[in-house]
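So the chains spell out like this:
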Amino acid sequence: MNDTVLDLMRTELRGPVIAPGDPEYDGCREIYNAMIDRHPAAMVKCSDAADVMAAVDFVRDHGLELAVRGGGHSGGGLCLVEDAVTIDLTPMRWVRVDPEAKTAWVGGGSQLGDLDHAAHAFGLAIPAGIMSTTGVGGLTLGGGHGYLTRKYGLTIDSLLAADVVLADGSFVTASETEHPDLFWALRGGGGNFGIITAFKFQLHSVHTVGVGITLWPVERTREVLEWYRDFLPQAPEDLNGFFAALTVPPGPPFPEEIHGRKMCGVVWCWTGDLARVDEAIAATAEPGPPTFQFTAPMPYPMLQTMFDELIPKGLQWYWRGDFFDRITDEAIDVHAKFAENLPTPLSTMHLYPVDAAASRVSDDATAWGYRDAVWSGVIGGIDPDPANAEAIKQWAVAYWNELHPYSMGGGYVNFIGENESQDRVRATYRQNYGRLADVKRTYDPKNLFHANQNIQPTV
Ligand SMILES: Cc1cc2nc3c(=O)[nH]c(=O)nc-3n(C[C@H](O)[C@H](O)[C@H](O)COP(=O)(O)OP(=O)(O)OC[C@H]3O[C@@H](n4cnc5c(N)ncnc54)[C@H](O)[C@@H]3O)c2cc1C
């Protein structure tokens, strides 16, 4: 972008507009994944829908490249493109709860923690993510799963409406009754259709939940996974438990003797009667007594922040994912092999349940293409040291390559790694891809919004 256009942008937009040479520039282009080091031509801070409309018009009319930043958490750093203009929604962090209707409007740049905090004051919550720093925007538009998913479904299953700035700069509200085709596509189709300046959610009565962590030595991964694959899908919907291969962090609640040990286990969330949390996860003794077990009642936002300090912003990340409707013996062999060889202390593999309430929604009700999946798996190579970037990437890719044949063929769109092929996007949406491409043609025929897991408009 030349200086004349930049000057015009600073004049025409309320901004602030941050560009190379500005003292805030390097700070502003930092995102969650420190492996991403891109230099946008400008970042336009937007505070409301009017700012976003003006920014979209400016970028489109001057033929510039466009990217959109919500929480800045995407693995591939989709919100930053070399030499493009990022429409940065981070000033739009606000939540308005209606406690009587049990709904909330949430600003398009909010983080999960903003919503958790505001809703908790009224004993309310939505199913979304396992870390408070993730953006509501990208997570919701991709589908969103978290601790409350078996009980209340995906995040999109609680979405009631969205305020959207379209590619032509116009503003619409999408819901089941207004622009229903757009509303359908927004629920899973990512940032392909416009910029969401506010989301309206149905909230659920959740205040204090039972939290548990159960760990076994990594050498027992086979027995634990054989038990877990049978136990979890038939467990009550009040019980959520994601499986993890991990290295035990050096701090409470873990006793010193297991610090730094590679282990496997389950992180539990129980939304039933708190007095019965131990009973709910009692069957965990089945694969043999765990090395470590901890249960405690916790306010829901506390659970949501439990891992925030362990994996703060600024680490190197490379991840890949797939959906699974079963965990075969062959898949278990792959998990056992790679769990024993976690390349760095923060690298991990998680299997998040997406069954129960999430699977009762019909396949064509939203853009999410895998209502028959039981788990959304992610393999995450993570480390603070840039020198290990290649090693964590290679481990994640090798693990994924061996596991993929035992998957359903596609993965969660928000777990697609950097530089994965366009085929992976199609595989994510399966039978829904064609309909998404049609909606894209209606709302963004020139593919202005393409810095995402891109759905190309039907020709
Ligand atoms: C530590 C960590 C934990 C995670 N845990 C979970 C989890 O438990 N469950 C889960 O479902 N996902 C999880 N994710 C994945 C997460 O959903 C994605 O990384 C998601 O893309 C984050 O959205 P964001 O807004 O923070 O990211 P950004 O990088 O800002 O945006 C990602 C994409 O969404 C678009 N976008 C964002 N906001 C808007 C908006 N308002 N309007 C239009 N487009 C927008 C961007 O343009 C971009 O294409 C996790 C990610 C991390 C890093």
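Above this text sits the structure in question.
Nothing here was measured: the structure is a model prediction, and the numbers come from that model.

Draft legend 1. Expanded view of the nonpolar core. Counting 83 residues, the largest nonpolar core has Val164, Leu182, Leu186, Phe201, Leu203 and Leu215 as its most contacted members. In this view, leucine 203 contacts Val97, Lys102, Thr103, Ala104, Leu115, Ala119, Leu124, Ala125 and Ile126; residues no more than four positions away in its chain are not counted. If you look at the next biggest cluster of nonpolar residues, it comprises 38 residues, including Leu239, Ala245, Ala280 and Phe324.

Draft legend 2. Structural view of the packing of helix H8 (residues 221–234) against helix H11 (residues 329–339). Where H8 contacts H11, the two axes come as close as 9 Å, and the packing angle between them is 135°. Between H8 and H11, the interaxial angle falls into the category oblique. For the pair H8 and H11, the crossing hand works out as right-handed. Two secondary-structure elements touch here, H8 through Thr221, Arg222, Leu225, Glu226 and Arg229 and H11 through Asp329, Ile332, Asp333, His335, Ala336 and Ala339. Of the residues that constitute the contact of H8 with H11, the class distribution is 4 nonpolar, 2 polar and 5 charged.

Draft legend 3. Quick peek at the pattern of salt bridges. Tallying each qualifying case throughout the model produces 27 salt bridges. A salt bridge links aspartate 355 to arginine 150; the shortest N-O distance between them is 2.9 Å. Here aspartate 355 is found in the loop between strand E17 (348–353) and strand E18 (375–383), whereas its partner arginine 150 is found in helix H6 (residues 149–152), with 205 residues between them in sequence. Owing to a relative accessible area of 1%, arginine 150 belongs among the buried residues under this scheme. Put simply, arginine 360 and glutamate 237 hold a salt bridge, and the shortest N to O gap is 2.6 Å. On the criterion of sequence distance, the pair formed by arginine 360 in the loop between E17 and E18 and glutamate 237 in the loop between H8 and strand E13 (239–247) is long-range, its members being 123 residues apart. Its relative accessible area of 28% is what places glutamate 237 among the partly exposed residues. Shared partners join several salt bridges into a network, and the residues in it are Arg320, Asp322, Glu420 and Arg424.

Draft legend 4. Representation of the site of the ligand in the model. In the neighbourhood of the ligand, 34 residues make up the surrounding shell, with Val68, Gly70, Gly72, His145 and Tyr412 lying closest. Contact between the ligand and serine 74: an oxygen atom at 2.9 Å from a side-chain N or O atom of the residue. Take tyrosine 412: an N or O atom from its side chain is 2.7 Å from an oxygen atom of the ligand. Computed on the free molecule, the ligand has an accessible area of 950 Å², of which 97% lies beneath the protein chains in the complex. Of all the secondary-structure elements, those providing two or more residues to the shell around the ligand are strand E3 (66–69), helix H5 (136–142), strand E10 (195–202) and strand E16 (316–324). If one sorts the elements of the shell around the ligand by residue count, H5 sits on top with 4 residues.

Draft legend 5. Representation of helix H1 (residues 3–12). Looking at H1, one finds that the buried residues are Val5, Leu6 and Met9. Buried residues of H1, viewed axially, fall in a sector of 100°; they line one side. The exposed set on the far side of H1, more than 90 degrees from its buried face, consists of Asp3, Thr4 and Thr11. Of the residues flanking the start of H1, the one acting as N-cap is asparagine 2, its side-chain oxygen 3.1 Å from the backbone nitrogen of threonine 4.

Draft legend 6. How the structure looks around the environment of serine 170. Inspection of the secondary structure puts serine 170 in the loop between strand E8 (159–165) and strand E9 (171–175). Judged by its relative accessible area of 26%, serine 170 is partly exposed. Sequence separation of serine 170 and histidine 117 is 53 residues, and the distance between their C-alpha atoms is 32 Å. Sequence-distant contacts of serine 170, that is, excluding residues within four places in its chain, are made with Val164 and Val165. Of the polar contacts made by the side chain of serine 170, one reaches the side chain of aspartate 168; its length is 2.6 Å.

Draft legend 7. View of unusual backbone geometry. Between glycine 15 and the following residue, proline 16, the backbone shows a cis peptide bond with an omega angle of 5°. Residue proline 253 follows proline 252 across a cis peptide bond; omega there is 5°. The topology assignment puts proline 253 in the loop between E13 and strand E14 (262–270). Here asparagine 419, not a glycine, exhibits a phi torsion of approximately 65°, which is positive. Tracing the backbone through its elements, the reader meets asparagine 419 in the loop between helix H12 (389–403) and helix H13 (422–429). Residue classification places asparagine 419 among the exposed residues on the basis of a relative accessible area of 67%. Positive phi, close to 45°, is recorded for arginine 430, a residue that is not glycine. As for its placement among the helices and strands, arginine 430 is situated in the loop between H13 and helix H14 (433–443).

Draft legend 8. Region of interest: the sheet that holds strand E5 (residues 95–98). Read across the sheet, 5 strands follow the order E5-E6-E10-E8-E9 without closing on themselves; strand pairing throughout is antiparallel. A strand with exactly one partner marks an edge of an open sheet, and here the two such strands are E5 and E9. Each adjacent strand pair in this sheet contributes to an overall mean axis angle of 15°, direction not counted. Of the strand pairs in this sheet, E8 and E10 are connected by 6 bridges, and their pairing is antiparallel. Bridging across to E10, leucine 159 finds its partner in phenylalanine 201.

Here is what the cut-offs are and how they apply
- Residues numbered from 1 in each chain as written.
- Predicted model: local features only at pLDDT ≥ 70, side-chain atom pairs only at ≥ 80, totals over all residues.
- Heavy atoms only, no water.
- Core = buried A, V, L, I, M, F, W, Y, C linked by side-chain atoms within 4.5 Å.
- Buried < 20%, exposed > 50% of the residue type's maximum accessible area, 1.4 Å probe, protein only.
- Contact = heavy atoms within 4.5 Å.
- Axes fitted to C-alpha atoms, helices over the stretch in contact; angles between N-to-C directions.
- Helix = DSSP H or I, 4+ residues; strand = E, 2+ residues; numbered from the N terminus.
- Parallel < 35°, antiparallel > 145°, perpendicular 65-115°, else oblique.
- Left-handed = near helix turned anticlockwise from the far one by under 90°.
- Nonpolar A, V, L, I, M, F, W, Y, C, P; charged D, E, K, R; others polar.
- Salt bridge = Lys/Arg side-chain N within 4 Å of Asp/Glu carboxyl O.
- Near = heavy atom within 4 Å.
- Polar contact = N/O pair within 3.5 Å; in protein donor to acceptor, adjacent residues only side chain to side chain.
- Areas by Shrake-Rupley, 256 points an atom, 1.4 Å probe, with all protein chains shown as cover.
- Arc of directions from axis to C-beta.
- Pairing = 2+ DSSP bridges.

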